[in-house]
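Each chain, letter by letter, is given below.
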Amino acid sequence: MSFYKKQKKSTNEKLFEELIYQEKHKLYRIAYLYVKNENDALEIIQETIYKAFISFQDIKNKEFFSTWIVRVLINTALDYMKKRKKIVLLDQIEEGISGHKTEEKIDVINAVERLEEPYRTTIILRYYKDLKVKDIAEILDCPEGTVKTYLHRATLKLKLDLREGYGNE
């Protein structure tokens, strides 16, 4: 292998390392939202970084790294949960719910947990990570209209679920 190729490889590795460093906190928060366990979240991040490193050279436009790595993380988290059959608890959602009693927060957390994919992911990315519809569409690799439909349906399901829980109060 020539010196140039070795130098180029180390430059790509350094760039990858810098990009991961910039994204590490966001990746952890998202992984934790899915599994509600520090060790599992770290395992998901480790697997995500491994998958991303292997495919890093295939990314044509590095400025979309953030969106791409979040997509890899979400897919890895969903695969992990399927394998482990984990029940997702979303305690951090409480941060996004202000002015509600603790019981109401728990009800909302439980209602979001009961949503099927992709509704759960769409709700988390939109309301608890404050992403725009366009960004969610990029992460989920689907049209913006589909994301809007997911949000609409998820919101209706949450309203129905919460109404039933409160006996139509």
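What counts as what
- Residues numbered from 1 in each chain as written.
- Predicted model: local features only at pLDDT ≥ 70, side-chain atom pairs only at ≥ 80, totals over all residues.
- Heavy atoms only, no water.
- Helix = DSSP H or I, 4+ residues; strand = E, 2+ residues; numbered from the N terminus.
- Buried < 20%, exposed > 50% of the residue type's maximum accessible area, 1.4 Å probe, protein only.
- Contact = heavy atoms within 4.5 Å.
- Areas by Shrake-Rupley, 256 points an atom, 1.4 Å probe, with all protein chains shown as cover.
- Expected span 1.5 Å × (residues − 1).
- Arc of directions from axis to C-beta.
- Polar contact = N/O pair within 3.5 Å; in protein donor to acceptor, adjacent residues only side chain to side chain.

Mind laying out the overall build of the protein chain, listing which residues take part and the relevant values?
Scanning the protein chain from N- to C-terminus turns up 7 helices and 0 strands. Reading the helices (α) and strands (β) of the protein chain from amino to carboxyl end gives α-α-α-α-α-α-α. Burial analysis of the protein chain (169 residues in total) assigns 36% to the buried set. Contacts in the protein chain between residues far apart in sequence, at least 24 positions, make up 67% of those at least 6 positions apart. Counting only carbon and sulfur atoms, one obtains 50% of the accessible surface of the protein chain, whose full area is about 10,900 Å².

Account for helix α2 (residues 38-55), naming residues and giving values.
The terminal C-alpha atoms of α2 lie 26 Å apart, and with 18 residues this matches the ideal 26 Å at 1.5 Å per residue to within 8%. Among all positions in α2, only Asp40, Ala41, Ile44, Ile45, Thr48 and Ala52 are buried. What you see down the axis of α2 is that its buried residues fit within an arc of 135 degrees, all on one side. Every exposed residue of α2 that faces more than 90 degrees away from the buried side is listed here: Asn39, Gln46 and Tyr50. The opening residue of α2, the one whose side-chain oxygen lies 2.8 Å from the backbone nitrogen of Asn39, is Asn37.

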